[in-house]
Structure formats: C-alpha cells, structure tokens
Amino acid sequence: MKTRIGILGLGGVGGYFGGLLAKAYFESDVIEIVFIARGETQKAIAKNGLKIKTDTDEMTVFPSLVSDNPDEIGNLDYLICATKTYDIETSFESIKECISATTTILPLYNGVDATERIQVVFPKNTVLQGCVYIVSMIESPGIIKKVGSYEKLFFGSQTVSISRLNELQSIFENANIESYLVENIEETVWEKFIFISALASATSYLNENIGGVLNNPEYKEFYISLLNEITAVAVAKGLKLPNDIVAQTITKLEKSPKDNTSSMHRDLLAGHKTEANSLTKYVVNEGVKHGIATPVYQKILEKLS
Ligand SMILES: NC(=O)C1=CN([C@@H]2O[C@H](COP(=O)(O)OP(=O)(O)OC[C@H]3O[C@@H](n4cnc5c(N)ncnc54)[C@H](OP(=O)(O)O)[C@@H]3O)[C@@H](O)[C@H]2O)C=CC1
Ligand SMILES: CC(C)(CO)C(=O)C(=O)O
C-alpha cells in the first residue's frame, strides 16, 4: 500500500512544497502525491502540470492526481494544508470524506490557532503544528513564483512523540525540503507568529515594504511596539520564549530582503481578502482575554476591518 499524501491549497506555499514532493515521488512505488485544487488551478495543473519558477530555475512537476472530488481523492495518510486561514473550515468540509481516523494533518498556515481549529473539525485525528519561512506566490493558476533563498519548513507535535514523526521527516528530506522536526514546536510556531504578525500588521497599516519599515525610525518604533505587545500576550498565555525574543525578531527582519513585504500586505495591495483575523485580530482578542493592552494592534485592526 502506498503512503498517500494530499496537498490542500496549491498556492505560494502548498504549490512550492507540494511541488517538491511531487517531483521527488513522481511514479514512486511507495508514495503518492495528490494535489487538492479546484477551478482554474485544477484545470491548469491537469493540462500542463504545476510550474515552479525560482530566481534561477524553472521546473514542471506532475502529481499522481489533481482533483477536488473526494471520491477520486480517496483516503489520505497525510494531509498538508496551505490554503489561507480564512478558508480552513470550508476547505476541510469539502474533503472530509478523505480523512479517516489515521490521517495525520499538518497545517502550514501563518497564525497560531490552525491546529486547534482543525482539531475541532477532526477531534480524533493527529493534527501537528507547523510553519514555514518562504516568499512565494501564485503567478497565475498552476504557476508558482518563489523569490529569494529561504524555504524552511518546521513541524512537530505537543502530543505525538518525535519518533512517530520521523517517517514524515524522511519523506520531506528525500524530497530535498529543508525541513526541521522540532521538539518545542509550539515555541517555534509562536516565534514565527511574532515575526509575521507584527510584520504583516505594520506593512499593511503603513503601506511600506520591509525596507520602508526598517529605514524610517518612526516606523521601526511602531513595528517594535507591536513586537512588545504581542510578546506580552504570548507571555500572559504561558509561552516560554527566549528573553530576547524582540531583539531576535528585529535581527531576523534585518536579515530579510528589504524589497520584500508580507503576504498580507501583498493581498491588501491586490485587493484580495486578507488574513487580518489570524494575524492582527487574534492578538487583540487574546490581549483582552488575558488583560494585556494592545493599543497599537487595536489601531491597526480598526483600519484593516
Ligand atoms: N506566500 C508566502 O510567501 C507565505 C505564506 N504563508 C502562509 O501560508 C498560507 C498559505 O498562503 P499562500 O500559499 O500564500 O496562499 P495562496 O493564496 O497563494 O494559496 C492558497 C490556495 O488555497 C486554495 N484553496 C482555498 N480553498 C480551497 C479549497 N476549498 N479547495 C482547494 N483549494 C483551495 C486557493 O485556491 P483558489 O485560487 O481556487 O481559491 C489557493 O490556490 C497562509 O496562511 C499564509 O499566511 C506563510 C509563509 C509565507
Ligand atoms: C514574511 C514571510 C515571507 C516569511 O516567511 C511570511 O511569512 C509572509 O509573508 O507571510
């Protein structure tokens, strides 16, 4: 029996990492990669394969199947999900028949509540935690453009032992995915969340890219006040983060390409729906719950709502 891996959402993230899996396991006897895509994306991939462009290269890959029909997709051993967070519940509803009690689910969204939300829909399943650092986007349906060099994938579980997750780590490693199976995944996901939540909120509110935020002292101060607010919320929630998390996050941003911006800012500029609920509102709500003031987040939320 082949290990069957579904990729839900063939956009910037799902398309890139799913594409590496499809390339590695094309016509494999042991692993089958299924792309779960709909509409124009499904049509384009079925006709031409999935094209991935990087700064230096281009490749076209073919999954075993591209479909959004649960009868065709069948039961999955793993489901890797990378729609936008506002599509979590509806996208799962459409493929719930493909999830059995033994399906392991790996969410790769920005945000910290995906695992909890998916666990509500599938209470019996193993739902891992994960996050990625990558800059990638849909150029047109079935064509993914990845910019720059970073492409790290972190995953793990608070409840499942590392040894049970080694199979998935090997699957990633054999596909040349820079993946890290980490013990303290909750902290890793929160460290990414602190980075992206403050960045997405600042770039979207100020309408500036990373360089624009860092090079203007007033904007940098604004960004740092977001880091302080979200860190206070994380601490109130009981997260054990490094003491210098704010300084570490600023350093991380300083090492990022200055002409890049957050995916939320890109969505806002393109007139698309944004993930403000997961990246901005979540912090305000958790602040209220734990008695932590988040005035700068609140100001941004008012503008983005
Ligand atoms: N892009 C990036 O550089 C990064 C993104 N992230 C995070 O990763 C997550 C994914 O982002 P990203 O890849 O940019 O998103 P995209 O918008 O590029 O892709 C999302 C994909 O999900 C598909 N989708 C939505 N609902 C369904 C459904 N019911 N069935 C099948 N497909 C569906 C959409 O298809 P359709 O066109 O049909 O709606 C779209 O192709 C987000 O949480 C984001 O914040 C994290 C790090 C970096
Ligand atoms: C900042 C970045 C690119 C880092 O992965 C990101 O997560 C996003 O834009 O959503």
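Residues numbered from 1 in each chain as written. Chains lettered and ligands numbered in written order. Predicted model: local features only at pLDDT ≥ 70, side-chain atom pairs only at ≥ 80, totals over all residues. Heavy atoms only, no water.

Going by what an unreviewed UniProt entry lists, the protein is known as 2-dehydropantoate 2-reductase and is assigned to Flavobacterium psychrolimnae. The heading Pathway (unreviewed entry) in the UniProt record of the protein holds the text "Cofactor biosynthesis; (R)-pantothenate biosynthesis; (R)-pantoate from 3-methyl-2-oxobutanoate: step 2/2." Looking at the protein in UniProt, the text filed under Sequence similarities (unreviewed entry) is "Belongs to the ketopantoate reductase family." (UniProt positions renumbered as here; feature names shortened; annotations may be inferred.)

(A) Structural detail: the UniProt feature "domain: Ketopantoate reductase C-terminal" (unreviewed entry) in the protein. UniProt tags residues 184-303 as "domain: Ketopantoate reductase C-terminal" (unreviewed entry). In residues 184-303, the share of helix is 74% and the share of strand is 0%. The end C-alpha atoms are 35 Å apart. (Helix = DSSP H or I, 4+ residues; strand = E, 2+ residues; numbered from the N terminus.)

(B) Representation of the site of ligand 2 in the model. The environment of ligand 2 is formed by Asn110, Val132, Tyr133, Ile134, Val135, Lys192, Phe195, Ile196, Leu199, Ser262 and Ser263. At 3.1 Å, a backbone N or O of Ile134 approaches an oxygen atom of ligand 2. A distance of 2.7 Å separates an oxygen atom of ligand 2 from a polar atom in the side chain of Lys192. With the chains in place, 96% of the 280 Å² that ligand 2 exposes on its own is no longer accessible. Looking at side-chain class alone, the shell around ligand 2 contains seven nonpolar, three polar and one charged residues. Residue assignment places the shell around ligand 2 across two domains, with domain 1 (3-183) and domain 2 (187-304) each supplying three or more. (Near = heavy atom within 4 Å. Polar contact = N/O pair within 3.5 Å; in protein donor to acceptor, adjacent residues only side chain to side chain. Areas by Shrake-Rupley, 256 points an atom, 1.4 Å probe, with all protein chains shown as cover. Nonpolar A, V, L, I, M, F, W, Y, C, P; charged D, E, K, R; others polar. Domains from an automatic or database assignment.)

(C) Main features of the environment of Leu241. Relative to the assigned elements, Leu241 resides in the loop between helix 9 (217-236) and helix 10 (245-254). We classify Leu241 as buried; its relative accessible area is 14%. For the pair Leu241 and Trp190, spaced 51 residues apart in the sequence, the C-alpha separation amounts to 8.4 Å. Apart from residues no more than four positions distant in its own chain, Leu241 is found in contact with Glu187, Trp190, Glu191, Ile194 and Ala234. (Buried < 20%, exposed > 50% of the residue type's maximum accessible area, 1.4 Å probe, protein only. Contact = heavy atoms within 4.5 Å.)

(D) Structural context of the site of ligand 1. Around ligand 1 there are 26 residues in total, and Val13, Arg38, Asn110, Ser136 and Glu275 lie nearest to it. Between ligand 1 and Val13, the relevant distance is 2.8 Å, taken from an oxygen atom to a main-chain nitrogen or oxygen of the residue. Arg38 places a polar side-chain atom, nitrogen or oxygen, 2.7 Å from an oxygen atom of ligand 1. Protein chains shield 85% of the accessible area of ligand 1, which is 900 Å² for the free molecule. For the shell around ligand 1, the elements supplying multiple residues, two or more each, are helix 1 (12-24), helix 4 (88-94), strand 9 (129-140) and helix 11 (263-269). For the shell around ligand 1, the leading source of residues is strand 9, giving five residues. For the shell around ligand 1, the class distribution of residues is eleven nonpolar, nine polar and six charged.

(E) Highlighting the packing of aromatic side chains. Considering all chains together, one arrives at ten aromatic pairs under this definition. Both rings, one in Tyr16 and one in Phe17, keep their centres 5.5 Å apart while their planes meet at 80°; by these two values the pair is edge-to-face. Note on accessibility: Tyr16 and Phe17 belong to one class, buried. Ring centres of Trp190 and Phe193 lie 5.3 Å apart, and the angle between their planes is 90°; this geometry places the pair in the edge-to-face category. Separated by three residues within a single helix, Trp190 and Phe193 lie in helix 7 (residues 185-206), roughly one turn from each other. For the pair Trp190 and Phe193, a shared accessibility class is recorded, and that class is buried. Taken together, Tyr133, Tyr150, Phe154, Tyr180 and Phe195 form an aromatic cluster joined through their ring pairs. It is Lys192 that lies over the ring of Tyr133; its NZ or CZ is 5.0 Å from the centre. (Phe/Tyr/Trp six-rings, centres within 6.5 Å; stacked < 30°, edge-to-face > 60°. Lys NZ or Arg CZ within 6 Å of the ring centre and 35° of its normal.)

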